[in-house]
Amino acid sequence: MSVQIVTNAKGEKTGVLVPYKEWDALNKEREELKHKLQEAELMLRYKNAFTDAKLFEQGKLETHPIAELLDEL
């Protein structure tokens, strides 16, 4: 990666220059990782929902009336 560091007159780092092709590749990779994270979070929610359903069927999970849940909103 051919990154250039920009400094001010005091030698303090103030910025970074990244070639556009590399910047574009980094952004695409970031988007792919973001999408994978969203998929993983969704899968975890599904797993938790199925676990809760199984516990409910086994009588190990207490349920609450919908009115009670709506009152909390």
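Figured I'd write up the structure that's included with this text. Keep in mind the model is a prediction, meaning the values are calculated, not measured.

Before going further, it helps to examine the pattern of salt bridges. Overall, the coordinates contain two salt bridges when judged by the stated rule. When the shortest N-O distance is used, the salt bridge between Lys 28 and Asp 24 registers 3.4 Å. Of this pair, Lys 28 and Asp 24 both sit in helix α1 (residues 20-57), four residues apart, roughly one helical turn. A salt bridge links Glu 31 to Arg 30; the shortest N-O distance between them is 3.2 Å. Of the residues examined, Glu 31 reaches a relative accessible area of 39% and is grouped as partly exposed.

On the surface, Met 1, Val 3, Ile 5, Val 16, Tyr 20, Trp 23 and Leu 26 cluster together into a nonpolar patch covering about 750 Å² of accessible area. With three residues, the single largest contributor to the nonpolar patch is α1. By the element assignment, Leu 26 lies in helix α1.

A few words on the pairing of strand β2 (residues 13-17). Taken across its five residues, β2 has zero buried, putting it largely on the surface. The antiparallel hairpin formed by strand β1 (residues 4-7) and β2 contains five residues in its connecting segment, where Gly 11 sits at a positive phi of about 85 degrees.

Let's shift gears to a negative patch on the surface. Together, Glu 62, Glu 68, Asp 71 and Glu 72 make up a region of like negative charge exposed at the surface. Within the fold, Glu 68 resides in helix α2 (residues 66-72). For Glu 68, a relative accessible area of 36% corresponds to the partly exposed category.

What counts and what doesn't
- Residues numbered from 1 in each chain as written.
- Predicted model: local features only at pLDDT ≥ 70, side-chain atom pairs only at ≥ 80, totals over all residues.
- Heavy atoms only, no water.
- Salt bridge = Lys/Arg side-chain N within 4 Å of Asp/Glu carboxyl O.
- Helix = DSSP H or I, 4+ residues; strand = E, 2+ residues; numbered from the N terminus.
- Buried < 20%, exposed > 50% of the residue type's maximum accessible area, 1.4 Å probe, protein only.
- Patch = residues over 30% accessible without salt bridge, like charges linked within 9 Å, V, L, I, M, F, W, Y side chains within 5 Å.
- Areas by Shrake-Rupley, 256 points an atom, 1.4 Å probe, with all protein chains shown as cover.
- Pairing = 2+ DSSP bridges.
- Lys, Arg positive; Asp, Glu negative; His and termini not counted.
- Charge placed at Lys NZ, Arg CZ, Asp CG, Glu CD.

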